[in-house]
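Working through the structure, step by step
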Amino acid sequence: MTARCSLFAVLSLLAAVAATRGATVYDPTQRWQDPCPVLDAPHLSYWGVNLGYVLPADHDATAWDELGFVETELWGMLLYWENDSGSDIEMRLHWDTLTLQNFDGSSSSYSLTMARAFFQYSQRFGGGFGLRLDASPGLYAAIEELGSDGFFVPCGVTAVQNFGPGFACHAGASVYPDFDRTVDPRVGLLWKGEDTWRFELAYPETRLTLGSPDRFAFYAGARARLWPEFSMGDDPRERIRYEEARAFVGIQWRAGQTIGLSLQAGQTLARKLAFEANDEEIDVDDAPFVRFGLVGLFE
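A few points on the structure. (Residues numbered from 1 in each chain as written. Predicted model: local features only at pLDDT ≥ 70, side-chain atom pairs only at ≥ 80, totals over all residues. Heavy atoms only, no water.)

Observations regarding the overall build of the chain
Helices and strands together make up the secondary structure of the chain, namely 1 helix and 18 strands. The proportion of buried residues among the 299 residues of the chain is 43%. Counting only carbon and sulfur atoms, one obtains 60% of the accessible surface of the chain, whose full area is about 14,500 Å². (Helix = DSSP H or I, 4+ residues; strand = E, 2+ residues; numbered from the N terminus. Buried < 20%, exposed > 50% of the residue type's maximum accessible area, 1.4 Å probe, protein only. Areas by Shrake-Rupley, 256 points an atom, 1.4 Å probe, with all protein chains shown as cover.)

Here we look at the pattern of salt bridges
Enumeration over the complete set of coordinates arrives at 20 salt bridges. Among the salt bridges present, the one from Arg291 reaches Glu73, with a minimum N-O distance of 3.2 Å. Here Arg291, found in strand β18 (residues 287-297), pairs with Glu73, found in strand β2 (residues 67-82); they are 218 residues apart in sequence, far enough to count as distant. Using a relative accessible area of 12% as the deciding quantity, one classes Arg291 as buried. (Salt bridge = Lys/Arg side-chain N within 4 Å of Asp/Glu carboxyl O.)

Describing the state of the cysteines
This structure, assessed with the given rule, holds 0 disulfides. Not engaged in a disulfide, the cysteine Cys36 finds its nearest cysteine sulfur in Cys169; these two sulfurs lie 9.1 Å apart. (Disulfide = S-S within 2.5 Å.)

Regarding the side chain of Asp96
The residue Asp96 is located in strand β3 (residues 87-101) in this model. Residue Asp96 is classed as buried on the basis of its relative accessible area, which comes to 12%. A distance of 3.0 Å separates the side chain of Asp96 from the side chain of Arg116, its partner in a polar contact. With residues up to four places along the chain from it excluded, the contact list for Asp96 reads Thr72, Glu73, Leu74, Leu112, Thr113, Met114 and Arg116. (Polar contact = N/O pair within 3.5 Å; in protein donor to acceptor, adjacent residues only side chain to side chain. Contact = heavy atoms within 4.5 Å.)

Quick look at unusual backbone geometry
Here Tyr203 and Pro204 are connected by a cis peptide whose omega angle stands at 15°. Position of Pro204 among the secondary structure elements: in the loop between β11 (197-203) and β12 (205-212). Even without being a glycine, Glu238 presents a positive backbone phi close to 70°. Assignment of secondary structure puts Glu238 in the loop between β14 (229-231) and β15 (239-254).

Quick notes on the packing of aromatic side chains
Within this structure, the stated rule accounts for 17 aromatic pairs. Seen in terms of ring centroids, Tyr176 and Trp227 are 4.6 Å apart; in terms of plane orientation they differ by 10°. Their pairing is stacked. Of the two residues, Tyr176 sits in the loop between β9 (167-175) and β10 (183-193) while Trp227 sits in the loop between β13 (216-225) and β14, which places them 51 residues apart along the sequence. The exposure class of Trp227 is buried, given its relative accessible area of 16%. Ring-pair connections join several aromatic residues into one group, and the members of that group are Tyr140, Phe152, Tyr176, Phe179 and Trp227. The lysine or arginine in question, Arg92, covers the ring of Trp75, its NZ or CZ lying 5.7 Å from the ring centre. A cation over an aromatic ring shows up here: Arg237 above the ring of Phe275, its NZ or CZ 4.6 Å from the ring centre. (Phe/Tyr/Trp six-rings, centres within 6.5 Å; stacked < 30°, edge-to-face > 60°. Lys NZ or Arg CZ within 6 Å of the ring centre and 35° of its normal.)

What follows is the structure, encoded as C-alpha cells:
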C-alpha cells in the first residue's frame, strides 16, 4: 500500500508539473531541430557484458573473513520503436550477479542475482517537455533461491524539460514496491556540447564524459545505489540488501567495426549489508574496484 501511495503521489506531482508547463501536442517537425539530450540521446550499443571485481575488505561481522565481490552484468536490447507522435518504446533483458566471496563465514561464494526485463516508454510534448515511464519486472534473489518469492516490479517516472541546444533538466522517482527503501529520487541537470563532451550533475549518478563514446571517450563520476534487495529463500534472515556509493574513472573506445571496449576503476564507499528479519546491519570497509566491458556498437 505504501509503494502504491508513493507512486500515486509522484504521478500526481508530475501531472501537476505537466499542467503547469502547459504541455501541448508534440510537433514532429521540431524534434531534430532541437533534440533533447535526455530523451533523444542516441543509442550507441545493443548488447553488453561487464565483469568487475571489488577487492576484499574488512567489516564488522564476527567470524567472517574479508569480503570480496565479483560482478557480472549482461544485457541485450530486444526492441526500440519510435513514431511521429513523439513517443518511443524500448525493451531490454538484463542479468546482473553480485557474488560475495567469504560471505557468512564460509569459504564458498554467495551470489545475488537480478534477472529482469526492462521496459521504457517516453513521450515528448510541445515546449520541450517530456515524460518517461519505466519498469523492471523480474527475479531479485540469491541465485540458489530463485523462485516466486523473489519476484518484484521496480518502476519509475521522470519528467524532462529541454531548454535548448544541449541543456535539459529532469526530475522524478524510482519506486521499489515491497523493498525496504520504497522510493528513491531522480533529479539532474544535463549539458552536452556536440560530440565532444557531456556532463550530467544528478542523483543517483553524476558523470562527465569527454570525447565520443562510439569512438573514444574518457569519463569520471560518482554513483549511489541504496535499493538492491534480494530474497534469501528459506534462510531465516529472509532478505538481504546491499548499499554502496562509488567514485570512478574510465575509458571506452571502438575496437572494431561493431565492438566497443571499456575499462573502469575506482573506489567503493559507504557499503552496508542489511538483513530484513533481524534488522542486522554489517558495515563493510571501502575498497577499490576494477571493471572491464564489451559492447556491441551500431555501425
